[in-house]
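Take a look at the letters that make up each chain.
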Amino acid sequence: MKVFDFEEERIKQEIAKVKAKRVLLQLPEGLKPEAPRLAKLVEKAGALPLVSADPCYGACDVATSEAEALDIDLILHFGHAKMLAHEKVPTIYIESRSTVNVDAAVAQALPLLTEYNKIGLATTIQHVQTIDTVRESLVRAGKVVVVGDAGRLNYPAQVIGCDFSNVKSVASDVDAFLFVGGGKFHAVGVALATSKPTIVADPYDETAYSVDKEAQKILKQRWSSIQETAKAKTVGVLVSLKQGQQHLDEALKIKERLEKMGKHVLIFALHEIQPEITLEFPTVDAYINTACPRISVDDASKFRKPILTTNEFKVISGESTWENILKKGLFEN
Ligand code: SF4
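As a convention, each chain's residues are numbered from 1 in the sequence order in which they are written. For a predicted model such as this one, the threshold for reporting local features is a pLDDT of at least 70, and the threshold for listing and counting side-chain atom pairs is 80 or more; totals across whole chains, interfaces and linings nevertheless cover every residue.

Caption draft 1: Region of the structure containing the overall build of the protein chain. Within the protein chain, the regular secondary structure consists of 13 helices and 15 strands. A globule of 333 residues ought to have a C-alpha radius of gyration of about 20 Å, and the protein chain, at 21 Å, matches this closely. Taken along the three principal axes of its C-alpha coordinates, the protein chain extends 60 × 55 × 30 Å. The exposure scheme places C-beta atoms from the backbone and then counts, for each residue, the other C-beta atoms within 10 Å of its own, assigning buried at 20 or more, exposed at 12 or fewer, and partly exposed in between. Across the 333 residues of the protein chain, 44% fall into the buried class. In the protein chain, once contacts between residues fewer than 6 apart in sequence are set aside, the share between residues at least 24 apart is 65%. Helix and strand assignments follow DSSP, with helices taken as H or I runs no shorter than four residues and strands as E runs no shorter than two, numbered in order from the N terminus. We compute the radius of gyration from the C-alpha atoms alone; for a globule the expected value is 2.2 Å times N to the 0.38, where N is the number of residues. Two residues qualify as being in contact provided that their C-beta atoms, derived from the backbone, are within 7 Å of each other.

Caption draft 2: How the structure looks around the site of the ligand. All residues in the neighbourhood of the ligand are listed as Tyr57, Gly58, Ala59, Cys60, Asp61, Ile160, Gly161, Cys162, Gln245, Cys292 and Arg294. Nonpolar residues are Ala, Val, Leu, Ile, Met, Phe, Trp, Tyr, Cys and Pro. Charged residues are Asp, Glu, Lys and Arg, and all others, Gly as well, are polar. The residue inventory of the shell around the ligand, partitioned by class, reads six nonpolar, three polar and two charged. Think of it this way: take the backbone, place a C-beta atom on it, and check whether that atom is within 6 Å of the molecule or strand, in which case the residue is near it.

Caption draft 3: Highlighting the domain arrangement of the protein chain. Where each domain starts and ends comes from a domain assignment, either automatic or drawn from a database. Once the domains are mapped, the protein chain shows domain 1 (4–96), domain 2 (103–210) and domain 3 (215–328). Domain 1 and domain 3 are separated by 32 Å when their C-alpha centres are compared. Opposite the nine residues of domain 1 that make contact, domain 3 presents six residues. The residue makeup of the side of domain 1 that touches domain 3, split by class, is six nonpolar, two polar and one charged.

Caption draft 4: How the structure looks around the nonpolar core. Put simply, a nonpolar core is buried Ala, Val, Leu, Ile, Met, Phe, Trp, Tyr and Cys residues tied into one set by C-beta atoms within 7 Å. If you look at the biggest cluster of nonpolar residues, it comprises 65 residues, and the most contacted ones within it are Leu178, Val190 and Ala201. Among the elements that line this core, the one with the most residues is helix 7 (residues 185–194), at six residues. Two domains each provide a minimum of three residues to this core, namely domain 2 (103–210) and domain 3 (215–328). Not counting chain neighbours up to four residues away, the residues in contact with valine 190 comprise Ala122, Val159, Phe164, Val167, Phe177, Phe179 and Thr198. With 24 residues, the next largest nonpolar core counts Ile11, Leu24, Leu38 and Ile75 among its residues.

Caption draft 5: Structural detail: unusual backbone geometry. At serine 96, a residue that is not glycine, the phi angle is positive and equals roughly 55°. Residue serine 96 is classed as buried on the basis of its C-beta count, with 22 C-beta atoms lying within 10 Å.

Caption draft 6: The arrangement of the environment of glutamate 250 in detail. Its place among the elements puts glutamate 250 in helix 9 (residues 248–260). For glutamate 250, a count of 16 C-beta atoms within 10 Å puts it in the partly exposed group. Between the C-alpha atom of glutamate 250 and that of alanine 171, which follows or precedes it by 79 residues, the distance is 29 Å. Once you skip the residues sitting within four places of it in the chain, glutamate 250 turns out to touch Thr290 and Thr310.

Caption draft 7: Here's a closer look at the packing of helix 8 (residues 212–230) against helix 12 (residues 310–317). Relative orientation of the contacting elements helix 8 and helix 12 amounts to 50°, with a least axis distance of 10 Å. For the element pair helix 8 / helix 12, the angle class is oblique. The handedness of the crossing between helix 8 and helix 12 is right-handed. For the pair formed by helix 8 and helix 12, the contact residues are Arg222, Ile226, Thr229 and Ala230 on the first element and Glu312, Val315 and Ile316 on the second. Looking at the contact of helix 8 with helix 12 residue by residue, the classes come out as four nonpolar, one polar and two charged. An axis is simply a line fitted to the C-alpha atoms; with a helix, the fit covers only the stretch in contact. Between two such axes, the angle follows the N-to-C directions and lies from 0 to 180 degrees. Orientation labels follow simple angle bins: below 35 degrees gives roughly parallel, above 145 gives roughly antiparallel, 65 to 115 gives roughly perpendicular, and whatever is left gives oblique. Take the far helix as your reference; a near helix turned counterclockwise from it by less than a right angle gives a left-handed crossing, and one turned clockwise gives a right-handed crossing.

As structure tokens, this is what we get:
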């Protein structure tokens, strides 16, 4: 069973500190089942809890406009570390660290790291506190361990879905990366961002495996989407309405470039970028997504039309080459 630290005492103190009457709870999908229990805690602390049932994918996705509309005094945003510089509504980030032991998963990973000597570490906010223990285990196994800290994220070795600056900062010093955490999403990101062999040590399943095949498959798919988009006559540029993902200026620049290339361009504004958009606007041949790049990369097979990241668009516009993008890392601008 997954166990997370929801800092319940801190929640009560923060509610009292701002004398909150209405509190909006926002949790990513994996933590949503905890919402009823946490809502009860908020109620006991003297505030009215409202639970956001919308998807929440990252710290870029704080429900500020929803909170403003509901006259909320405090947002409790779970599962992510602070990312946005300012919030219009007081927002507390509950990082929701996992208390699961990672030793067994790391032990499972060791045989997969046999041919590598220098290992870089990567993890999510839920497991950053385990990095020293993981480092010790690897050193005991005779490895040289490198932990990157590029200064952009809150903790050394931390990665988020679109920021791999920590692993990239040490990629040239390591033979492979070990990612500690659940699922493939972040580990595939490490492989795509660094082009290094990447092994997952999943403490929830106590398993370890490589994600290199997945990363290779994605790269092939991305190149084919770029080629298809180059041939498109009508292109949609997607602008997110989420505060932390809204890049209208960038969308306008992309529109201008596409028009110079003789393409017809439409800008679409939306909260959730869902595959249905490709059915609703059948005359659009391809999309450029100025919001979360992982939608383009991870959900490509669900969309019926190519949907490029802004980085990939640079191949079409001639600002970069595919080789350069691969060298810099798929998510790096
Ligand atoms: S843009 Fe996407 S990957 Fe980046 S933090 Fe937001 S949801 Fe996560």
